[in-house]
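If you want the building blocks of each chain, they are given just below.
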Amino acid sequence: MRIKGLDLSVGYLGLQIAFGIQSASLSRVFQGLGASVDQLAMLWLAGPVTGLLVQPVVGAISDRHGGRFGRRRPYILVSALLVIAALAALPMATSLMGAVVVVWGLEAAMNALHAPYRALVADTLPPGDQASGYAMQTVFIGLGALAGACAPILLAWGGWSNVAQPGQTALSIRVAFLAAALAVALSVGWTIARVREPVAARAPQHDPLVRPGHWTGFATLWRALRPVAAIQFLSWFGLYLLWVYATPVVAAQLYGATSPFDAAYARGRTLSGSCSGPITGWPGCLPFCCRGCSGGSG
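Just so it is clear, the structure is predicted and the values come from calculations on it, not from any experiment. Counting starts from 1 at the beginning of each chain's written sequence and moves along it residue by residue. In keeping with the model being predicted, local features are shown solely for residues with a pLDDT of at least 70 and side-chain atom pairs are shown and tallied solely at 80 or more, while totals for entire chains, interfaces and linings include all residues. In computing side-chain values, all of the structure's heavy atoms are included and hydrogens and water are not.

A. Structural detail: the pattern of salt bridges. When a carboxyl oxygen of Asp or Glu lies within 4 Å of a side-chain nitrogen of Lys or Arg, that pair is called a salt bridge. Per the counting criterion, the structure on display carries 2 salt bridges. The salt bridge partner of Arg194 is Asp7, with a shortest N-O separation of 3.4 Å. Here Arg194 is found in helix α7 (residues 171-194), whereas its partner Asp7 is found in helix α1 (residues 2-32), with 187 residues between them in sequence. Across the pair Arg72 and Asp123 runs a salt bridge whose closest N-O atoms are separated by 2.6 Å. Of this pair, Arg72 sits in the loop between α3 (46-63) and α4 (73-89) while Asp123 sits in helix α5 (residues 96-124), and the two are 51 residues apart along the sequence. Classification of Arg72 as buried rests on a relative accessible area of 3%. Secondary structure elements follow DSSP: runs of H or I no shorter than four residues count as helices, runs of E no shorter than two count as strands, and numbering proceeds from the N terminus. Each residue gets one of three labels from its accessible area relative to the maximum for its type: buried under 20%, exposed over 50%, partly exposed in between, using a 1.4 Å probe on protein chains only.

Structure below.
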């Protein structure tokens, strides 16, 4: 089971590297192309909006899909190719509008990849092993987020320029996005090559004369998940404040730099990334570690 759980989880390493690089560097990309600090919140809307719309839709569609290529694999493959293309295109954008369009495409593709990929655990593991499978995925989510947040910093320390020029993205960030595209290709490709979905029939068709109680089911689910929903809402509220404003606030308050083309601003980005990387990444490892401490089987 451990080997199969590993195969089911590796793809999240690349996906979260991409997400970590984006969350740590997107404000700098926008500012390098002319955005002001006041505009950043609006420019970041792609993530929450596409997550709200794309994940449940793609997840529901893949639930009803059936074919010789599997239920989830076609959606995972197409979404991964779109993620790779957007990651390669975003740091090369030369206009703010072009970057915004690419970010919307990237966010939609990443959310479309996340939903069916997560469902692979339930599709391919027996019920008794699914908790361990999800825990292992969470470990890779945390490690990928940590690596993605720290990648531009490590590249800057390695000699890649971390200072942006007007109308451009800093070289270290461009290389980091390209590295993220490669990580997605390798990790998701590994899962697609190694995981074989069980042959599954199409979702059962409802009798057209019987109207399923969708609203009743939703109300029951909502009553059960209200505490989790509140925690999720407050957590993501704080995380987006961190991702959007950490770099400009640290650069201005600690280094006196307000221009994204200033070397002092780049040092502020290095410091904020050093702090936000562990915050973003390591909590993802806790469910797996706690499960191990409590004697859970893997």
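B. The arrangement of the packing of helix α6 (residues 127-157) against α7 in detail. Where α6 meets α7, the closest approach of the two axes is 9 Å, and the angle between their N-to-C directions is 125 degrees. One way to sum up the angle between α6 and α7 is to call them oblique. Crossing geometry of α6 relative to α7 is assigned as right-handed. Touching Ala151, Pro152, Leu155 and Ala156 of α6 are Ser172, Ile173, Val175 and Ala176, all from α7. Interaxial angle, 0 to 180 degrees, is taken between N-to-C directions of lines fitted to C-alpha atoms, where a helix line uses only the stretch in contact. Put simply, angles under 35 degrees are roughly parallel, angles over 145 are roughly antiparallel, angles from 65 to 115 are roughly perpendicular, and the rest are oblique. In this scheme, a crossing is called left-handed if the near helix is turned counterclockwise away from the far one by less than a right angle; it is called right-handed if the turn is clockwise. Any two residues having at least one pair of non-hydrogen atoms within 4.5 Å are treated as being in contact.

C. Layout of the nonpolar core. Definition used in this section: a nonpolar core is a set of buried Ala, Val, Leu, Ile, Met, Phe, Trp, Tyr and Cys residues joined via side-chain atoms within 4.5 Å. One finds Phe30, Trp44, Val83, Leu87 and Leu90 to be the most contacted residues of the largest nonpolar core, which totals 56 residues. Those elements giving two or more residues to this core turn out to be α1, α2 (40-43), α4, α5, α6, α7 and α8 (214-255). When residues no more than four places from it in sequence are discounted, the contact partners of Leu90 are Leu26, Val29, Ala99, Val102, Val103, Leu106 and Phe177.

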